[in-house]
Amino acid sequence: MKGIEDCKKLKFEKYSGKLLQCVAEKNILQDIRQSLDTTFKRKHLTTRKDLQNIKRDFGITLPIKGYVLQNDETSVCAWVHKMESQKDNPVLFYKRQEDPHAVIDQEDFMLVLKTNFQKCIMYRLGADRIYVDSTHGISNYNFELVTVLVIDEYEEGIPVAFCISSSVNTVILTLFFQCIKNTLSSSINSKIFMSDDAVMF
């Protein structure tokens, strides 16, 4: 039963992402029909009523400007799904609470963001100084924001990667730094590395 529920959840998130992007219902239904090959599946019976139910369940409303998801978790999930189709997808890692993971606790949330522009800036300035800063209480959920920064010629900090998580510990930070490393084609040997005065750093 859990596998069936997971499949339904993924399908709903996919369609809610399209609805969030203001894709017309008729176009979504047309895409579903055109995906039919030799294997007939339940999704090919999707109707306009199904899409309206998804709107209701995901809290999608249409205010003055664009679509808004009333549920924060669903909104983030739909945004991540939307970013997957972008050329410069800033999402390096995403884990929802209650989703199983090999090293992160199941109840933890984690989102890692880094754009191509930030990668270029890190290459350009990272050889001098790299800072890691952790900010607490950034939302009502008591999540933490970990930011990696480099310093420009005007002594201003420029963020080059973000990690939003429900907790910050050695496991979370190791995965965060590994995500950053995976985006780099060559190593950056910084002269100075500074971080918060906390045991996990």
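Placed above this text is the structure.
Quick summary incoming for the structure in this document. Computed from a predicted model, the values in this text were never measured in an experiment.

A contiguous patch of negative charge on the surface is contributed by Glu73, Glu98, Asp105 and Glu107. Its place among the elements puts Glu107 in the loop between β3 (91-95) and β4 (110-113). Using a relative accessible area of 46% as the deciding quantity, one classes Glu107 as partly exposed.

Turning to the state of the cysteines, a few remarks are in order. As enumerated under the stated definition, the model contains zero disulfides in all. The cysteine Cys179 is free of any disulfide, with Cys163 supplying the nearest cysteine sulfur at 8.0 Å.

Tracing the chain through its elements places Thr147 in strand β6 (residues 144-151). On the basis of relative accessible area, Thr147 is assigned to the buried category, the value being 8%. Apart from residues no more than four positions distant in its own chain, Thr147 is found in contact with Tyr131, Val132, Asp133, Pro159, Ala161 and Phe162.

Quick look at the layout of surface pockets now. Looking at the largest pocket, its volume works out to about 340 Å³. In terms of lining, the largest pocket is formed by 13 residues, of which the most central are Met122, Ile180, Lys181, Leu184 and Ile188. Going through the elements one at a time, β5 (129-135) and α6 (170-182) are the ones with two or more residues in the lining of the largest pocket. By residue number, the principal contributor to the lining of the largest pocket is α6, which donates three residues. Broken down by class, the residue content of the lining of the largest pocket amounts to nine nonpolar, three polar and one charged.

Moving on: helix α4 (residues 72-83). Between its first and last C-alpha, α4 extends 16 Å over twelve residues, near the 16 Å set by a 1.5 Å rise per residue. All buried positions along α4 are accounted for by Thr74, Cys77, Ala78, Val80 and Met83.

Time to look at the environment of Asp99. Inspection of the secondary structure puts Asp99 in the loop between β3 and β4. Among the residues examined, Asp99 registers a relative accessible area of 24% and is labelled partly exposed. Placed ten residues apart in sequence, Asp99 and Phe109 show a C-alpha to C-alpha distance of 8.7 Å.

Glancing now at the pairing of β5. Sheet topology note: the β5/strand β8 (residues 192-195) ladder contains four bridges and is parallel. Across the sheet, Val132 pairs through a bridge with Ser195, a residue of β8. In this structure, β5 lies alongside β6, joined through six bridges in antiparallel fashion. Along β6, the bridge assignment pairs Tyr131 with Leu149.

Rules used in this analysis
Residues numbered from 1 in each chain as written. Predicted model: local features only at pLDDT ≥ 70, side-chain atom pairs only at ≥ 80, totals over all residues. Heavy atoms only, no water. Patch = residues over 30% accessible without salt bridge, like charges linked within 9 Å, V, L, I, M, F, W, Y side chains within 5 Å. Areas by Shrake-Rupley, 256 points an atom, 1.4 Å probe, with all protein chains shown as cover. Salt bridge = Lys/Arg side-chain N within 4 Å of Asp/Glu carboxyl O. Lys, Arg positive; Asp, Glu negative; His and termini not counted. Charge placed at Lys NZ, Arg CZ, Asp CG, Glu CD. Helix = DSSP H or I, 4+ residues; strand = E, 2+ residues; numbered from the N terminus. Buried < 20%, exposed > 50% of the residue type's maximum accessible area, 1.4 Å probe, protein only. Disulfide = S-S within 2.5 Å. Contact = heavy atoms within 4.5 Å. 1 Å grid on protein atoms, 1.4 Å probe; cavity = no way out; pocket = protein on both sides within 12 Å on 5 of 7 lines; lining within 4 Å. Points joined across faces, edges and corners; volume = space filled by probe spheres on them. Nonpolar A, V, L, I, M, F, W, Y, C, P; charged D, E, K, R; others polar. Expected span 1.5 Å × (residues − 1). Pairing = 2+ DSSP bridges.

In short, the description is geometric, and any link to function would need to be established separately.
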